[in-house]
Amino acid sequence: MARRPGPRARELSGAHQRRPGNQRGDATGDEGPGPRPVDRDGAPQSTPTPVPRRRRAHRTRWRVAAAALFAAATSLAPAVSSSTAPAARAAGPRPARAAAPSVRLAWHALGPARIGPGLPGAGKVSAVAVDLAHPQILYTGSGVGSGFQGPFGEGGAFASTTGGATWRRIDTGLSDPMVGALWINQRQPREVVAGTWSAGIFRSTNAGASWHLVWATSQVTSLVGSGPWLYAATASGVVASHSAGATWTPILSTSSPVGALAASGPTLYAGLDNGEILVRRTGSSPWIVAYRAPRSQMVWSIAADPARPDVAYAVEWSLASSTTVLATTSGGVTWSPLTLGPSCGMRAQAVGTGPGVLAVAGENGSCVSRDGGAAWRALGGTWDNRVVVVGHGATYVLGSDQGLYVTHDGGASWQSANGGVDTSLDTSVAVAGSTILVGVQDYSALASFDGGATWTSIASTGEDGVVAVNPAVPSEALACTSGGLAVSRDGGHTFAPAPGLPPGPCDTAIAGATGQLAFDPQDPRTVFLVTSLGVYESTDGGATWRRATTWPAGAQAVAIDPANPRHILVATCCQRTALWASSDGGSTWQVTGAPPNAGPLATLAFDPQDPRIVLAGSVAPPDGGGGIWRSTDGGATWHPDNAGIASGINTLYGFASQVAFAPGSRVAAAATSAGLYLSRGGTRWVRAQAGITPSLVTGVTWTPGRIVVSTFGEGVLAAPWRPAMLAGALAARAVPPPGGLIAPPAAELAPARSS
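Report on the accompanying structure. From a predicted model like this one, the values you see are computed outputs, not experimental measurements. (Residues numbered from 1 in each chain as written. Predicted model: local features only at pLDDT ≥ 70, side-chain atom pairs only at ≥ 80, totals over all residues. Heavy atoms only, no water.)

## What about the sheet that holds strand β28 (residues 403-407)?
Here's step 1: The 4 strands lie next to each other as β26-β27-β28-β29, forming an open sheet whose pairing is antiparallel. Of all the strands in the sheet, just β26 (385-390) and β29 (415-416) have a single pairing partner and so form its edges.
Here's step 2: Direction of pairing for β26 relative to strand β27 (residues 396-400): antiparallel, over a ladder of 5 bridges. Paired with V389 across the two strands is V397, which belongs to β27. (Pairing = 2+ DSSP bridges. Helix = DSSP H or I, 4+ residues; strand = E, 2+ residues; numbered from the N terminus.)

In structure tokens:
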């Protein structure tokens, strides 16, 4: 989100905005999915391992900021009732983008997939649907999901006919890749319905081979069937379909988004983002407010017993009191909190039900009760659970931020169902030959040393952040993550914390800043690092560091003039939003001209062919005064440079992540929340997005003959690159037809050869 993961409480305006993440439970040490022999009570289980404890405060700031945004919105909303008109949503459907020049590149996926060690992991799974007659047929979605929990992702939808051993993307016609809900018509299982965050409800009649939009709305968080009816939870209420999702009719309007929905027989339960639970007992009954939560609570998940409509369970979340699981045995007339057993883990996320069965999934485990919550048994499983499905017999399915996992023996053993899924939420990428390093949400940094064929977590690093390889010494690499700055001397195989830096996250003053590291182009052993605490310098490739400046903290982006390395630019934020310049290698600094009213800057880049030209990327979108700005006098004066960039952009994550020039070239790439853009010198941009599922591109780097990007939902992608491609697009302004990923040629995965 180096896309930092979400907003900071200290900088809500212009920062990435998303539903809050979560804090880890009791994990320490190395991270990445892998076997965990026992849970907190000593019960055996096999799970992916979470990220280190040191990142939790980092994620807490995330939650605080999102909660503040939520509280501000709900404090202005009227009370919810069936007659309340829907209010405007902060994250509604994306406006139609204006036509812009484009260039088609042959993108192919490099991963991460089958993330190890331990049970192979993937990125976030927010929706699961199973063909009950043929349980090896599965559908998953990677988006938001129910409740106000977890990261936003743009992973799209997948289908498997092998029980999760292999998957295929099914995104054709699915214009919004933030898929939070899926439903299969069990009578006609080729009919599948998907709910998305920004566009609405999509329907497929050919098992996901193609989709068409059937109901335009926003924030579809749940799809539940009951008898001949299908219901959907949306930002403005509940809609119903009597035609297996082909047509829809509103049945409830709310002023607060419906975050979760459950059905049992004729009874419907709706959980709202303002914490209220609404119940409709029959199709002809009015909706009643069955539960009013204390202020600043919200419903994360809700489930009803399929055999007993009066029995239901809900997860209520609040920043002040963590989460509470409520139960009713009276159809919502009364609700009582359940006392979860220690085997249930920390912070309940989701509830699921079967006949007489209640399953609760939390941040570091899951549990099951067969007596309404009086007694609990550990299920184990994965971490960061967002979905729990109670299957037949002893089968349970967990969807988490690390992928999809299943047990058929009541939790005694778990299997990964993540074969080949590349839905990781990547924040940055660095490439050196066949080595690929990636900053990732919900994992430590990841590495592949065979061009993307296999992936593993890197110890001594945290989640998110920026990864970098010394351009002159590829054996030296840096990872600036939530766990601090770590340094590698063996090409990324092992990392160790860097001495001379204060402990704590290697973060910036705002979410979204990726320009935290800059190598001196004439002396690559000299590296500058900017963090919220200030600017630091290393003269030995990152082995040791010293504080380089004494001026106010809040640094977030740094760039070094390739023609004159003593000329350095640093952008700061929050305490004092400004652009600072040094002409003596960082010994002294002066405030120079910053882009006026552009918002916080996340990235800076000098044109290597003409260092008088500097590009800056803002977290604010172009139509909000930000976007890309250009200087032709080394950073003294600026003007906006957004020609060719689409307007009406979804800015949940902020706009610009990274601007980078191809080595020895005037061709620049801008990784943004509107996609990847290319330009020659930054005067006019063309979009290079065809074949990429997410709109959110978080990082970009160049290798000989290709361009590589990190995305928030499709992992790392690469495409062959020749400068003539851009020249043709700028001349023709052609808009290519839509297309998918292309299988990577073997040469693309081979180590780069020196000439």
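## Brief notes about the packing of aromatic side chains
Here's step 1: Inspection of every chain in the model, using the stated rule, returns 5 aromatic pairs.
Here's step 2: On the numbers, 5.0 Å between centres and 70 degrees between planes, the contact of F152 with W197 is edge-to-face. Taken as a pair, F152 in the loop between β3 (138-142) and β4 (156-160) and W197 in the loop between β7 (192-196) and β8 (200-204) lie far apart in primary sequence, 45 residues in all. Each member of the pair F152 and W197 is classed as buried.
Here's step 3: Look at Y269 and W335: their rings are 6.3 Å apart centre to centre, the planes differ by 85 degrees, and that puts the pair in the edge-to-face class. Here the residue Y269 occupies a position in strand β15 (residues 267-272), and W335 occupies one in the loop between β20 (322-328) and β21 (336-337), the gap between them amounting to 66 residues.
Here's step 4: Taking the relative accessible area as the measure of exposure, W335 reaches 12% and is therefore buried. (Phe/Tyr/Trp six-rings, centres within 6.5 Å; stacked < 30°, edge-to-face > 60°. Buried < 20%, exposed > 50% of the residue type's maximum accessible area, 1.4 Å probe, protein only.)

## Brief notes about the state of the cysteines
Here's step 1: Within the structure shown, the criterion is met by 1 disulfide.
Here's step 2: Each disulfide pairs two cysteine sulfurs, and for C344 the partner residue is C367, the sulfurs being separated by 1.9 Å. One quick way to see it: the torsion about the S-S bond of C344 and C367 is about 100 degrees, and its sign makes the bridge right-handed. Residue C344 is found in the loop between β21 and β22 (348-354), and its partner C367 is found in strand β24 (residues 365-369); the two are separated by 23 residues along the sequence. Per residue, the accessibility class of C344 equals that of C367, and both read buried. (Disulfide = S-S within 2.5 Å.)

## Things to note about the sheet that holds β3
Here's step 1: If you walk across this open sheet you meet the 4 strands as β2-β3-β4-β5, and the pairing is antiparallel. At either end of the open sheet lies a strand with only one pairing partner, and these are β2 (127-130) and β5 (168-169).
Here's step 2: When β2 meets β3, the two strands line up antiparallel, connected through 4 bridges. Considered in β3, the bridge of A127 is made with G141.

## Describing the pairing of β22
Here's step 1: Burial analysis of β22 places 7 of its 7 residues in the buried class, the great majority of the element.
Here's step 2: Bridge count for β22 against strand β23 (residues 357-362) is 6 bridges, and the pairing is antiparallel. Each residue of the ladder has a partner; that of T353, found in β23, is L358.
Here's step 3: Here β22 folds back onto β23 in antiparallel fashion, the turn holding 2 residues, of which G356 has a positive phi close to 75 degrees.

## Concerning the pairing of β20
Here's step 1: Across the 7 residues that make up β20, a large majority, 5, are buried.
Here's step 2: Pairing of β20 with β21 involves 2 bridges; the strand directions are antiparallel. Each bridged residue has a counterpart across the sheet, and for L326 the counterpart in β21 is P337.

## As for the pattern of salt bridges
Here's step 1: Summed over all chains, the structure comprises 14 salt bridges.
Here's step 2: With a closest N to O distance of 3.5 Å, E714 and R169 form a salt bridge. Taken together, the residues span a long stretch of sequence, with E714 in the loop between β55 (706-711) and β56 (716-720) and R169 in strand β5 at a distance of 545 residues.
Here's step 3: Take E714: its relative accessible area is 0%, and that puts it in the buried class.
Here's step 4: Between E537 and R546 there is a salt bridge whose closest N-O contact spans 2.6 Å. (Salt bridge = Lys/Arg side-chain N within 4 Å of Asp/Glu carboxyl O.)

## Remarks on the side chain of D426
Here's step 1: Relative to the helices and strands, D426 is located in strand β30 (residues 426-432).
Here's step 2: Within the buried set, D426 has no salt-bridge partner at all; the shortest N-O distance to an opposite charge, 10.0 Å, is to R169.
Here's step 3: Within the local environment of D426, its side chain forms a polar contact with the side chain of S424, the two groups lying 2.8 Å apart.
Here's step 4: Those residues in contact with D426, other than ones at most four positions away along the chain, are G111, P112, V438, G439, V440, T698, S710, T711, F712, G715 and V716. (Lys, Arg positive; Asp, Glu negative; His and termini not counted. Polar contact = N/O pair within 3.5 Å; in protein donor to acceptor, adjacent residues only side chain to side chain. Contact = heavy atoms within 4.5 Å.)

## Some words on unusual backbone geometry
Here's step 1: G111 connects to P112 through a cis peptide bond whose omega is 5 degrees.
Here's step 2: Take P112: it is sitting in the loop between β1 (108-111) and β2.
Here's step 3: A cis amide bond links G116 with the next residue in sequence, P117, at an omega value of 5 degrees.
Here's step 4: Turning to its location among the elements, P117 is positioned in the loop between β1 and β2.

## Here's the deal with the environment of F655
Here's step 1: As for its position among the elements, F655 is in the loop between β49 (639-640) and β50 (656-661).
Here's step 2: C-alpha of F655 to C-alpha of A620: the two residues are 35 residues apart in sequence and 5.6 Å apart in space.

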